[in-house]
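# A structural walkthrough
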Amino acid sequence: MPNYTVTVATGTQWFAGTDDYIYLTLMGTEGCSERTLLDKPLYNDFERGAVDSYDVTVGEDLGEIELVKIEKKKYWVHDDWYCKYITVKTPYGDYIEFPCFRWLVDDKEVVLRDGRARLPQHDKKAGVAKQHRHKELEQRQKTYRWKEWHPGFPMSIDAKAHSELPRDIQFDSEKGVDFVLNYSKAIENLYVNQFMHMFQSSWGDFADFERIFMRIKNTISEYVMEHWKEDFMFGYQFLNGCNPVVIRKCTEIPDKFPITQKLVEHSLERGLTLEEELKEGNIFIADYELMDGVTANATDPCTLQYLAAPICLLYKNSQNKIMPVAIQLGQTPGEDNPIFLPTDDEYDWMMAKIWVRSSDFHVHQTVTHLLRTHLISEVFGIAMFRQLPAVHPVFKLLLPHIRFTIAINTKAREQLICECGLFDKANGTGGGGHVELVQRSMKTFTYKSLIFPEAIKERGMDSKEELPYYFYRDDGCRVWEAVASFVADIVNIYYEKDETVQEDEEIQAFVKDVCSFGMQDFDQCEFPKSLQTKEQLVEYLTIVIFTASAQHAAVNFGQFDWCSWIPNSPPTMRKPPPTKKGEVDLKYIVESLPDRGRSCWHLGAVWALSQFQENELFLGMYPDEHFIEKPVKEAMAQFRKNLGEVTKVIKNRNEGKKLPYYYLSPDRIPNSVAV
């Protein structure tokens, strides 16, 4: 009688093992095996990290094994089980791999196909494989449902809490991503818990901020503390700080910002007029118009909080440094909205720069970080689960890059950015302002803006000769090219020609789901509803992977470096922007900055958000072998090699620098948005 040897691998994460009954059925082209209990006498089966083998004897040859069905039944109490993979050795000595990498919960069954990736048009229309494909997607679409969290937002998962999510996309340990716990732990570890309840209590002076800073400084944050008042440090952050996406080349001074030659002539070094400097490409601008009219945090009746929508004119000097030359703190010019200059009183100019840094913080947190990495990656992830079965090559490609993204976003909506959440404690846009910011930003959010090289070019920041120290651009382009090359290799393996893309009904459904449901078909977003060529598919998938990995790393993991010194990045302001020159002194500035309590909550937040996950998987690391094909594994190896070369270039450039830029070094880029 034919005998099949079945090898079952249990996951290594916490609580992956089970004591429940596990049954297996082999389904072949010539018949099915009996439902077989996988159990060895006097042996503890399916322990965490175990790889167990079992014999399945059948009456006659089953033909080619198409599917493997696993069932879990309760033994005493329901005991979840994480199955990594199953390997079947046939009577003829052939080995067939069935990747699983999912949880079996309650009395659940999972039907697996072998590990070869297949497009839908390559399955027989009336075959078992096609039916399995449709059934899997039907179930997924019931499980992964769209929901509008706020009007005008990208759609999110239909779950009120992390515990309501499908087990396969939950964190292994919910405790590890509890924001309340992590922030409190951070505050305790930073030795600032003595100040955390001291709301309304101002610091004495700038040196007083060091009381919550000195224990946790690092090379960059200490450099920021020492140099934050200097104009070169202020300008440098527009290129390589947390939010290097706001600055753009200025070709014409806007009417709302009435800068004249006389105002800035003391700052221009080349002997050229302002008009000539504009034509030479030496003038840049950072405009926070998005902040105009946003509602400030009013959740604490004892503390008035304020926001501003400044405009900052920047100049590339003869040393190629970006320097501020004029700041207006509101969008409407007038006597009560003066233009502050480097030649003004020291505290007037300092106050103006602090207001720009505070506004930049809000745009960074809510738009650059939350909307343009977290929320958009969740849209891609939900659509992927709804429209691509596990056997699809694009599902296998993208899955590592949406790992834990839906979970971290759900946890954020549950604890962080919800009404009365942690965001309200220390942020000037808490209490609803952050919602307004996302809604406003969505009106100008386009698909093209996610194409990294295009976004750089659109802001006029693409010339390395003009801006030799824009490391965010340089490193981002290197990583983009590496990701695009890898994606092209994968696409070329499975898609012979453009028509293959057009005939792939599942990839077309995925793209349409992103646009029509995830982005709610907003007219201005210009997300494609279909893909016609291999080139378009490569670009689309590169966007998904780059946004979730590199772009998120660039704007997330520098938060502690640049925002821990609170005068450099105030999360809220307690006095309104000055409307006249000559009225600001040191006392006014300190009383404008966050109080002791808000400072400590802010410090805990930026510290917690800047930490990598335990057992982090970085770009190019794919320990779960969803792909079994040799060409794909070769493409992955080449991808890792290319990333290694990028890492080496960045490491060499950073050697000896007081301000190294490493956020886009591939060895520091996690695969997905998970923090």
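Remember, predicted model here, so these are calculated numbers, not experimental data.

Another point: the overall build of the protein chain. Regarding its fold elements, the protein chain presents 21 helices and 16 strands. On C-alpha atoms alone, the protein chain measures out to a radius of gyration of 28 Å, which is about the 26 Å that the 2.2 N^0.38 rule sets for 675 residues. On the principal axes, the C-alpha backbone points of the protein chain span a range of 95 × 55 × 45 Å. Of all 675 residues assigned to the protein chain, the portion counted as buried reaches 58%. A fraction of 75% describes how many contacts in the protein chain between residues 6 or more apart in sequence connect residues 24 or more apart. Total accessible area computed for the protein chain in this model is approximately 27900 Å², and 49% of it derives from carbon and sulfur atoms. When the 77 basic and 100 acidic side-chain charges of the protein chain are each reduced to a single mean position, those positions are 1 Å apart.

Our focus in this paragraph is the UniProt feature "domain: PLAT" (unreviewed entry) in the protein chain. Per the UniProt entry, the sites bearing "domain: PLAT" (unreviewed entry) are residues 2–118 in this numbering. Here residues 2–118 is 0% helix and 51% strand, with 29 Å between the C-alpha atoms at its ends.

Using the criterion set out here, one finds 32 salt bridges in the structure. In this structure, R118 engages D114 in a salt bridge whose closest nitrogen and oxygen atoms are separated by 3.0 Å. Residues R118 and D114 agree in their burial class; the two are buried. Between R386 and D513 there is a salt bridge, with the nearest N and O atoms lying 2.9 Å from each other.

A word on the sheet that holds strand β5 (residues 51–57). Taken together, the four strands give an open sheet; going across it, the order is β5-β1-β7-β8, and neighbouring strands pair in antiparallel fashion. Edge positions in the sheet fall to β5 and β8 (95–104), since each has one partner strand and no second. Averaged over neighbouring strand pairs, the angle between their axes works out to 20° when direction is ignored. Two elements, strand β7 (residues 81–89) and β8, share eight bridges in a ladder whose sense is antiparallel. Residue W81 lies in a different strand from β8, and its bridge partner there is L104.

Let us look at the nonpolar core. Side chains that are nonpolar tend, in soluble globular proteins, to be buried together. One finds F510, F527 and W562 to be the most contacted residues of the largest nonpolar core, which totals 155 residues. Broken down by element, the residue count for this core peaks at 20 residues, all from helix α8 (residues 346–387). Not counting residues within four places of it along the chain, the set of residues in contact with W562 comprises I220, V224, M233, Y236, Q237, N240, G241, C242, N568, S569, L659 and Y663. Ranked by size, the runner-up nonpolar core spans 25 residues in total, among them I22, F46, V58 and I65.

The buried fraction of helix α12 (residues 433–442) amounts to seven of the 10 residues, a majority that puts the element mostly inside the structure. Residues of α12 that are buried include every one of G433, H434, V435, L437, V438, S441 and M442, and no others. Against α8 and α11 (423–426) lie the buried residues of α12.

This model, assessed by the stated rule, comprises 28 aromatic pairs. When the ring of Y144 is compared with that of F385, the centres are 4.5 Å apart and the planes differ by 5°; the resulting orientation is stacked. Here Y144 is found in the loop between α1 (128–143) and β10 (146–147), whereas its partner F385 is found in helix α8, with 241 residues between them in sequence. Residue class for F385 comes out buried when judged on its relative accessible area of 6%.

Here we come to the state of the cysteines. If you walk through the whole model with that rule in mind, you get zero disulfides. Of the cysteine sulfurs around C250, a residue in no disulfide, the closest is that of C312, at 11 Å.

The next thing to look at is the packing of α1 against α8. Remark: α1 packs on α8, axes separated minimally by 7 Å, with the N-to-C direction vectors making an angle of 140°. Taken as axis vectors, α1 and α8 run oblique relative to one another. Between α1, through L137, R140 and Q141, and α8, the contact on the second element is made entirely by M384, F385, R386 and Q387. Residue classes in the contact of α1 with α8 are distributed as three nonpolar, two polar and two charged.

To continue, consider the pairing of strand β6 (residues 65–73). Pairing geometry for strand β2 (residues 21–28) and β6, over eight bridges, is antiparallel. Counted as the bridge partner of M27 is L67 from β6. As paired strands, β6 and strand β9 (residues 109–113) are joined by five bridges and run antiparallel to one another. Residue pairing in the sheet places K69 in a bridge with V111 of β9.

A separate point is a nonpolar patch on the surface. On the surface, Y21, L37, Y75, W76 and V77 cluster together into a nonpolar patch covering about 590 Å² of accessible area. Assignment of secondary structure puts V77 in the loop between β6 and β7. V77 sits in the exposed class, given a relative accessible area of 53%.

This next bit is on the pairing of strand β14 (residues 311–316). Of all the six residues making up β14, six are buried; the element is thus mostly covered by neighbouring parts of the structure. Across the two faces of β14 the burial is the same, with I311, L313 and Y315 and C312, L314 and K316 all buried. Relative to β14, strand β13 (residues 283–287) runs antiparallel, the two sharing five bridges. Following the sheet pairing, D287 is matched in β14 by I311. Sheet topology note: the β14/strand β15 (residues 322–328) ladder contains six bridges and is antiparallel. Paired with L313 across the strands is A326, a residue of β15. The turn linking β14 back onto β15 is made up of five residues, and N320 within it adopts a positive phi angle of 65°.

It is worth spelling out a negative patch on the surface at this point. A surface patch of negative charge is lined by E252, D255, E275, E276 and E280. Residue class for D255 comes out exposed when judged on its relative accessible area of 77%.

Across the interface, helix α14 (residues 471–494) lies against helix α21 (residues 630–654) with an axial gap of 9 Å and an inter-helix angle of 170°. Taken as axis vectors, α14 and α21 run roughly antiparallel relative to one another. Each of F471, D475, R478, V479, A482, V483, S485, F486, D489, I490, I493 and Y494 in α14 lies in contact with α21, whose residues at this interface are P631, V632, A635, M636, F639, N642, L643, V646, V649, I650 and R653. Among the residues forming the contact of α14 with α21, the class breakdown is 17 nonpolar, two polar and four charged.

For the rest of this paragraph, the subject is the sheet that holds strand β12 (residues 248–249). With antiparallel pairing, the five strands of this open sheet are ordered in space as β12-β13-β14-β15-β16. Of all strands in the sheet, those bounded by a partner on one side alone are β12 and β16 (339–340). Sheet strands in contact with helix α5 (residues 231–240) are β13, β14 and β15, and its direction is about 95° off that of β15.

The rules behind these values
- Residues numbered from 1 in each chain as written.
- Predicted model: local features only at pLDDT ≥ 70, side-chain atom pairs only at ≥ 80, totals over all residues.
- Heavy atoms only, no water.
- Helix = DSSP H or I, 4+ residues; strand = E, 2+ residues; numbered from the N terminus.
- Rg over C-alpha atoms; globule rule 2.2 N^0.38 Å.
- Buried < 20%, exposed > 50% of the residue type's maximum accessible area, 1.4 Å probe, protein only.
- Contact = heavy atoms within 4.5 Å.
- Areas by Shrake-Rupley, 256 points an atom, 1.4 Å probe, with all protein chains shown as cover.
- Lys, Arg positive; Asp, Glu negative; His and termini not counted.
- Charge placed at Lys NZ, Arg CZ, Asp CG, Glu CD.
- UniProt positions renumbered as here; feature names shortened; annotations may be inferred.
- Salt bridge = Lys/Arg side-chain N within 4 Å of Asp/Glu carboxyl O.
- Pairing = 2+ DSSP bridges.
- Axes fitted to C-alpha atoms, helices over the stretch in contact; angles between N-to-C directions.
- Core = buried A, V, L, I, M, F, W, Y, C linked by side-chain atoms within 4.5 Å.
- Phe/Tyr/Trp six-rings, centres within 6.5 Å; stacked < 30°, edge-to-face > 60°.
- Disulfide = S-S within 2.5 Å.
- Parallel < 35°, antiparallel > 145°, perpendicular 65-115°, else oblique.
- Nonpolar A, V, L, I, M, F, W, Y, C, P; charged D, E, K, R; others polar.
- Patch = residues over 30% accessible without salt bridge, like charges linked within 9 Å, V, L, I, M, F, W, Y side chains within 5 Å.

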